[in-house]
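# Working through the structure, step by step
Now for the letters of each chain:
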Amino acid sequence: MINPVSPMPRELLVLGIETSCDETAAALVVRGIDGRGRILSNVVRSQLDQHRAYGGVVPEIAARAHLEILDKMIAQAFRQTSLTLDSIDALAATAGPGLIGGLLVGLVTAKAISLARGLPLIAINHLEAHALTPGLTDNMKPPYLLLLVSGGHTQVLAVEGVGKFHRLGTTLDDALGEAFDKTAKLLGLGYPGGPEVEKQAKTGDPKRFALPRPMLGRPDANFSFAGLKTAVRHAAQKLGTLAAVDVADLCASFQAAAGDSVADRLRVAMALYEERMGPTAKRVLVVSGGVAANAALRQSLQAMTGMQGYQLVIPPINLCTDNAAMIAWAGAERLALGHTDGLDFAARPRWPLDEVSAPLLGSGRLGAKA
Amino acid sequence: MTTLAFDTCFGACSAALRLRGVAGDWQLREDYREMATGHAEALLPMIAALMSAADLRFADLRKIAVTIGPGSFTGARIGLSAARGFRLALGLPVVTLTSLAVMAMRADTLLDTGHFGVTRAGAALAVCVDARAGRIYAEVFGDSIAEPLLAPALRTPADLAVALHGRRIIAVGSGGAMLAEAVTAAGGEAVAVLPGVLPHARHLALLADAAPLTEQLDPLYLRDTDAKPMPV
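All figures in this text were calculated on a predicted structure; none of them were measured in a lab. (Residues numbered from 1 in each chain as written. Chains lettered and ligands numbered in written order. Predicted model: local features only at pLDDT ≥ 70, side-chain atom pairs only at ≥ 80, totals over all residues. Heavy atoms only, no water.)

### Observations concerning the sheet that holds strand β7 (residues 154-161) of chain A
Residues and elements named next belong to chain A.
- Strand order in this open sheet of five strands is β8-β7-β6-β9-β10, and the pairing throughout is mixed. One side of each edge strand has no neighbouring strand; the edge strands of this open sheet are β8 (164-170) and β10 (311-313). Across the sheet, the mean angle from the axis of one strand to that of its neighbour is 25 degrees, orientation sign disregarded.
- Sheet topology note: the strand β9 (residues 284-288)/β10 ladder contains three bridges and is parallel. Counted as the bridge partner of L285 is L312 from β10.
- Sheet contacts for helix α8 (residues 244-277): β6 (144-149), β7, β8 and β9; angle to β7, the most-contacted strand, approximately 25 degrees. (Pairing = 2+ DSSP bridges. Helix = DSSP H or I, 4+ residues; strand = E, 2+ residues; numbered from the N terminus. Axes fitted to C-alpha atoms, helices over the stretch in contact; angles between N-to-C directions. Contact = heavy atoms within 4.5 Å.)

### Description of the layout of surface pockets
- Put simply, the second largest pocket is a space of about 600 Å³.
- G71(B), S72(B), F73(B), T74(B) and G75(B) are, among the 32 residues lining the second largest pocket, the residues nearest its centre.
- Counting residues per element, the ones that place at least two in the lining of the second largest pocket are α3 (100-117) of chain A together with α1 (39-53), α2 (73-90) and β6 (124-130) of chain B.
- Counting residues per element, the lining of the second largest pocket draws most heavily on α2(B), which supplies four residues.
- Residue classes in the lining of the second largest pocket are distributed as 15 nonpolar, ten polar and seven charged. (1 Å grid on protein atoms, 1.4 Å probe; cavity = no way out; pocket = protein on both sides within 12 Å on 5 of 7 lines; lining within 4 Å. Points joined across faces, edges and corners; volume = space filled by probe spheres on them. Nonpolar A, V, L, I, M, F, W, Y, C, P; charged D, E, K, R; others polar.)

### Brief notes about the pairing of strand β5 (residues 121-125) of chain A
Residues and elements named next belong to chain A.
- Summarising burial for β5: five of the five residues are buried, a large majority.
- Side chains of β5 alternate between two faces, with L121, A123 and N125 and I122 and I124 buried alike.
- Sheet topology places strand β4 (residues 90-96) next to β5; five bridges connect them, and they run parallel. Within β5, the position partnered with A93 by the bridge is A123.
- Handedness of the β-α-β unit built from β4, α3 and β5 comes out right-handed. (Buried < 20%, exposed > 50% of the residue type's maximum accessible area, 1.4 Å probe, protein only. Right-handed = clockwise from strand over helix to strand, strands pointing away.)

### Some words on the pattern of salt bridges
- Scanning all chains against the criterion turns up 29 salt bridges over all chains.
- A salt bridge links E60(A) to R77(B), with the shortest nitrogen-to-oxygen separation between them at 2.9 Å. With E60(A) in helix α2 (residues 59-79) and R77(B) in helix α2, the pair connects residues from two separate chains.
- Look at R77(B) and you get buried, because its relative accessible area is 3%.
- For the salt bridge of R117(A) with D86(A), the shortest nitrogen-to-oxygen distance reads 2.7 Å. In this pair, R117(A) sits in helix α3 while D86(A) sits in the loop between α2 and β4, placing the two residues 31 residues apart along the sequence.
- Given the relative accessible area of 32%, R117(A) is considered partly exposed.
- D86(A) gets classed as exposed once you look at its relative accessible area, which sits at 63%. (Salt bridge = Lys/Arg side-chain N within 4 Å of Asp/Glu carboxyl O.)

Set out below in structure tokens:
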């Protein structure tokens, strides 16, 4: 809903709540009159240990864990400041996409506080929060090109404004983070797989295995990683017993192939972005999502953006992975435009940023946050 | 002693306010809607409307009452998330009851009308909800809802029939017929009535008066998640 009265510019203090996957998080963020953001507190509790034995996030376990600690996390976010609920202007809670059980815990908690305190509620699209994070960290406002890479998502979008996104490309099968996790699993590495694969790759030879570069040269900006993962499996099966050096070389080769594919897809995305936004389009690539933590990917993107004349913006890693500061910030940005939501807002397990572009076959249908 | 009570455990969403009227009389205001889904969207607007119709501010509340389950896992969490949010925002004392105890009081009230042809006095009231796969969530009450004869548990009707041996049973709820059958098969005396009874926040608000305050706002799931750890 949009308030009929256009809001006066003023400082906004927002409590953010994030419970969409396996991190329970709360944060307090200020948006100044000048539109700049400042994090006052930002607490995150990972449920990794509760899910490890299952080799992935178990939705019911996640939902139970969120309920157990969310109110304590909110209290902690306040304790780290001198503030109380009396000081805040609004609450922002992730309302999707994500695991419905967890989303409901965060959203209903926020609704109750909003009702009891007469505070506006803003229901946040978790992906939009990732997309707007550079506004908080680098004062970088749209438009820009965004690569969103996580365990549940791999997509590239033109971010045109708050609530205004145009998808330029998406994965046809696995998300990149998912491909890392599955590669780790088939090589017998620990969970979560992404950091494990990266660790192994550090000492490996990226050229030993000639793995395919999926989608290379295609005129669209879509991604595909399932075939690459399968190629890793075949290479591993051919070797039979895997020595440590084999695992390291496979990880390095996989990571190099994935990086090449992402760079190639982004070159196409840049062309599509410039075509859409016009020749004066701001040449900025923002990378967000958990996979942005991968140093090899960052390096390859650094080189690629340099060559293409783009500025590369990657928020600090704790703000690339799931957190509530980005939720609070997205809430503040929406509130500044007069957007608030009702107490009847329904959480949305699936909630694409670009609702106009049709979903592509297989894209993200299996991921926890697709 | 104004109390806000709400329940979202099963196929109904309800909220109730228990407050003193201007003449000092106790009043109940309530909203009760049966729904399979949508509790998370309905609950807070329902409470907002009740509060505003009663011309109450949240600062006027003195107590929050919520059901902890058993119920659908998500349903139990919706009520408890709201209760935890209210507690954080208002610092109010909280009481909790099981969904089955609230159903018991509702059933007792209905049985007292005499329309169901069963005599409650001297019988045990078994509140049973079909939990699928041949099991039921059950809690059993004698004369007092505050002191159940058998604590809430997930069990087979046959097990429960053994535990209730020798008592005359009135079984209510969606799993009541399953229990009555098992009791009868074991040679006992049981009748199943009110198969559609669900918790109602009205009875929760009434029971909240005598219920002890608690710090624990934890769900009573009575069942683990289905997930199995990976083979090592």
